Amino acid sequence: MGFARTCSVALVGVEGVVVEVQADLEPGVAAFTLVGLPDKSLTESKDRVRAAVVNSGGEWPQKKLTVGLSPASVPKGGSGFDLAVACAVLGAAERIDPRVLADIVMIGELGLDGRVRPVRGVLPAVLAAADAGYEQVVVPDCTAAEAALVPGISVLGVRSLRQLIAVLTDEPVPVEEPDEPGRPDPLLAGLCVPGTGVGAGLSGGFDDAHALDLADVVGQVSARTAVEVAAAGAHHLFLQGPPGAGKTMLAERLPAILPRLTREESLEVTAVHSVAGMLPPGKPLVDVAPYCAPHHSATMQSLVGGGKGLARPGAVSLAHRGVLFLDEAPEFSSQTLDSLRQPLEAGHVVIARSAGVVRLPAKFLMVLAANPCPCGRHTLLGDGCECPASAVRRYQARLSGPLLDRIDLKVEVEPVTRSELSGYGTRGDSTQTVADRVRTARERAAARLADTGWRTNSEVPGHALRTRWPADPGALDAAEVDLERGFLTARGLDRVLRVAWTIADLAGRDRPCALDVGLALQLRTGVPRGVPMAIGALA
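Residues numbered from 1 in each chain as written. Predicted model: local features only at pLDDT ≥ 70, side-chain atom pairs only at ≥ 80, totals over all residues. Heavy atoms only, no water.

> Which residues make up the nonpolar core, and what values do they have?
Formed by 56 residues in total, the largest nonpolar core has its most connected members in Leu237, Leu254, Val367, Val517 and Leu523. A per-element tally of this core places helix 21 (residues 490-507) first, with 8 residues. For Leu254, the residues in contact, after removing those within four places along its chain, are Val227, Ala231, Val323, Leu365 and Val367. Listed in part, the 38 residues of the second largest apolar core include Ala10, Val19, Ala52 and Ile96. (Core = buried A, V, L, I, M, F, W, Y, C linked by side-chain atoms within 4.5 Å. Buried < 20%, exposed > 50% of the residue type's maximum accessible area, 1.4 Å probe, protein only. Helix = DSSP H or I, 4+ residues; strand = E, 2+ residues; numbered from the N terminus. Contact = heavy atoms within 4.5 Å.)

> Tell me about the side chain of His348, and please be specific about residues and values.
With respect to the helices and strands, the residue His348 is situated in strand 14 (residues 348-353). Here the side chain of His348 touches Ala346 through a polar contact of 3.4 Å, landing on its backbone oxygen. At 3.1 Å, the side chain of His348 forms a polar contact with the side chain of Arg359. Beyond its immediate stretch of four places on either side in the chain, His348 contacts Gln342, Pro343, Arg359, Leu360, Pro361 and Ala362. (Polar contact = N/O pair within 3.5 Å; in protein donor to acceptor, adjacent residues only side chain to side chain.)

> Tell me about helix 7 (residues 161-168), and please be specific about residues and values.
Counting buried residues along helix 7, 6 of its 8 residues qualify, which places the element largely inside the surrounding structure. Among the residues making up helix 7, those that are buried are Leu161, Gln163, Leu164, Ile165, Ala166 and Leu168.

> Describe unusual backbone geometry, naming the residues involved and giving the relevant values.
What is expected of a backbone is that most residues other than glycine have negative phi and most peptide bonds are trans. For the bond running from Ser70 to Pro71, omega is 5 degrees, close enough to zero to count as cis. Structurally, Pro71 is set in the loop between strand 4 (64-70) and helix 3 (82-92). Positive phi, normally seen in glycine, also occurs at Ala234, with a value near 60 degrees. For Ala234, the position within the fold is in the loop between helix 8 (221-233) and strand 11 (237-240). One non-glycine residue, Arg321, adopts positive backbone phi at about 65 degrees. Note on placement: Arg321 falls in the loop between helix 12 (315-318) and strand 13 (323-326).

> Residue-level account of the side chain of Gln220, with values.
Examined against the element boundaries, Gln220 turns out to sit in the loop between strand 10 (202-204) and helix 8. Classification of Gln220 by relative accessible area gives buried; the value is 8%. A polar atom in the side chain of Gln220 sits 2.5 Å from the backbone oxygen of Glu414.

> Report on the packing of helix 5 (residues 122-131) against helix 10 (residues 263-276), specifying residues and quantitative values.
The contact between helix 5 and helix 10 brings their axes to 7 Å, and the two run at 120 degrees. Here helix 5 lies oblique to helix 10, going by the angle between them. Facing helix 5, whose interface residues are Val122, Leu123 and Pro124, helix 10 presents Leu267, Thr270, Ala271, Ser274 and Val275. Among the residues forming the contact of helix 5 with helix 10, the class breakdown is 6 nonpolar, 2 polar and no charged. (Axes fitted to C-alpha atoms, helices over the stretch in contact; angles between N-to-C directions. Parallel < 35°, antiparallel > 145°, perpendicular 65-115°, else oblique. Nonpolar A, V, L, I, M, F, W, Y, C, P; charged D, E, K, R; others polar.)

> Describe the environment of Ala475, and please don't skip the residues or the numbers.
Examined against the element boundaries, Ala475 turns out to sit in the loop between helix 19 (462-467) and helix 20 (477-485). Relative accessible area serves as the criterion here: at 4%, Ala475 is assigned to the buried category. For the pair Ala475 and Asp516, spaced 41 residues apart in sequence, the C-alpha to C-alpha distance is 8.2 Å.

> Now, about the confidence of the model for the protein chain: what can you tell me, with residues and values included?
Taken residue by residue, the protein chain gives an average pLDDT of 87. The fraction at 70 or more is 90%. Confidence drops under pLDDT 50 across residues 195-201; counting only partners more than four residues distant or on other chains, this segment forms 11 contacts. Note on residues 204-210: pLDDT under 50 across the span, and 10 contacts to partners over four residues away in sequence or across chains. (pLDDT = per-residue confidence, 0-100.)

> Break down helix 3 for me, with residues and values.
Since the α-helix advances by 3.6 residues per turn, residues separated by three or four positions end up pointing in the same direction. Burial runs high along helix 3: 11 of the 11 residues are buried. Buried within helix 3 we find Asp82, Leu83, Ala84, Val85, Ala86, Cys87, Ala88, Val89, Leu90, Gly91 and Ala92. A positive backbone phi angle near 65 degrees is found at Glu94, which sits one or two residues after helix 3.

> Quick rundown of the pattern of salt bridges? Include the residues and the values.
Under the defined criterion, the tally for this structure stands at 30 salt bridges. Note that Arg437 and Glu228 form a salt bridge whose closest N and O atoms lie 2.7 Å from each other. Of the two residues, Arg437 sits in helix 18 (residues 431-448) while Glu228 sits in helix 8, which places them 209 residues apart along the sequence. Classification of Glu228 as buried rests on a relative accessible area of 5%. Salt-bridge contacts for Glu264 lead to Arg455; the nearest nitrogen and oxygen are separated by 3.2 Å. (Salt bridge = Lys/Arg side-chain N within 4 Å of Asp/Glu carboxyl O.)

> I'd love a proper account of a nonpolar patch on the surface, names of residues and values included.
A cluster of nonpolar side chains, Leu156, Val167 and Val173, forms an exposed patch at the surface whose accessible area comes to about 200 Å². Looking at the secondary structure, you find Val173 in the loop between helix 7 and strand 10. Judged by relative accessible area, which is 47%, Val173 ranks as partly exposed. (Patch = residues over 30% accessible without salt bridge, like charges linked within 9 Å, V, L, I, M, F, W, Y side chains within 5 Å. Areas by Shrake-Rupley, 256 points an atom, 1.4 Å probe, with all protein chains shown as cover.)

Rendered as C-alpha cells:
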C-alpha cells in the first residue's frame, strides 16, 4: 500500500481554503476514485491527470487508486487541482518521495500532453497558502509573477509536469521547446474569460498612456467641481442633464484623478480581477483605480455577483477601490438598482447560495448619470420637451428615494453653449492639476484619520464628525434648518458634513466653515446657496 499527500487551494469567492490532496494505492482492480465534494470540472481531472502522467514519461499505477480532497465539506471546483493530484499519485507510487510533497502547495491545470496550464485566482490562492503558514508554492510559469506578489513565500513556476518531477526528484530538468515566434501562447487562454474586458464594461486606468484629460470637458464648472470633490473624499455622485452635455465624459475621466492604489489595495483589486479572469495581459498587479461601466440591461446577478454554485464577482466587486459608472441609470431595473444599497453602506456584498455563502469586497465610488425625462430635453430652454408631466415623474421616480439618499453629490449638468464649444471660454484644469489637488486633500484626510480605521471622509460616521472633529461654530446652521424643514434626512445631514470636510481639505482649511457647508448643501440639494462653485474661490 502506498500513500502520499500534498496541498492545493479551493477558492470560495475571493478567499482561499487550503485543501489537502491525499492519494492512496491498494491492491485490487485498477480504478480511480475521486472523493471530497468535487464538481464536474474537477471530476474530469481523472482523465486529464492519467493522460498527463503517461505522456510525461511516467507509469500509471495499475492498482485501486483513491484520491481524497480534505476538508470534504468545502465545495471544490475548477481544474486548478490537477497538478496536486498528479504529484500525490506519483508520490503514492513512489516515483516522488512523499516527504518532499507534504509541505508544498500546488496550483495548476494539466494538459493531456503534460503541459501545465494557468488557472484564474492564483493570487488569492497563494495569499491563502501564505496565511496558512506554507512557504513553497508551485504554479504555472506564466502566472509566477502574479504569485510572487505575495511576500515571504517561495514560488516555483513550471511549464510541464516533466519539469516538476525532475525538480522534486533532483534529476536534470528538461528544457521545454519554446513556441514558434509570433504565434500566440495557448497556455495564456486559461487566464481570461471569453467576453470580458472592454466588452463587459471594465476598462479605465489600466494604461496611463490612454488616460483621458479632464481639460477636454468644456464648461461644466459645477460638474467639474463635483467630480473633484467626489474623487477627494470618495463620495458618490449623481449627474443629471440632457444628452450630449458631457456626463459620460466626466465619469470616464474620474479614475485618472483618483490616487494610485496602495500596496494593500492593489492586492485586493488584483485578487478580485484574478478570480474573474480580467487581469490585463502582462500586468500581474493592478495599481490604479479600476473603472467598470455595465450596460443598463445588466441583471442583478451580473451587477452584485452570482452564478451557478458559488457566486462569482459582479460589477460592484470589479469596481472595488475604483469607479462604478451606471449610465442611463433610470433604464436599469428597480430591483437591480436597489440591490446596491447594501454594498454602498457596508463596502462589501454577501451572497448566499445553496453551495455556500460568499463575501465579496465592494468598496467603490458610484457615479449615476441620467436624463431629466425620456426625451432628455425637459430642462432645455425653449420648452423643447414633449413628454407629459406624468411621464417625467414616472421616469425620475425610477431612482428610489433610499438609493438617492445614499448619494452625496447631485449636480445638474447644463448644455454646453456655442462659445464654450468654440473655445472662446476659459478651459478647466487638466487631469494632472486636479489629480495633484485630490492627492493633497487625501493626504490631509489620511493624516487626520491616522489613528482610526478610516481612510477617506466618506467613511467617517456622522457622530465622530460632530464630536471628534467639529466644524466652525455656526457653520451647520443652514444644514440644520434644512433638516428641520424636511429637506434633509439625518443621513443626509451626516453626508453634507462629510462633503464639507472634503471641501475644507481641498481648500487647505483645518476644519469646515460656513462656505464649505454651503457648497456641500448646494452640491447635494442642487438649490443655489450663493456660494462660488469653484474650489479655488473658497480658499
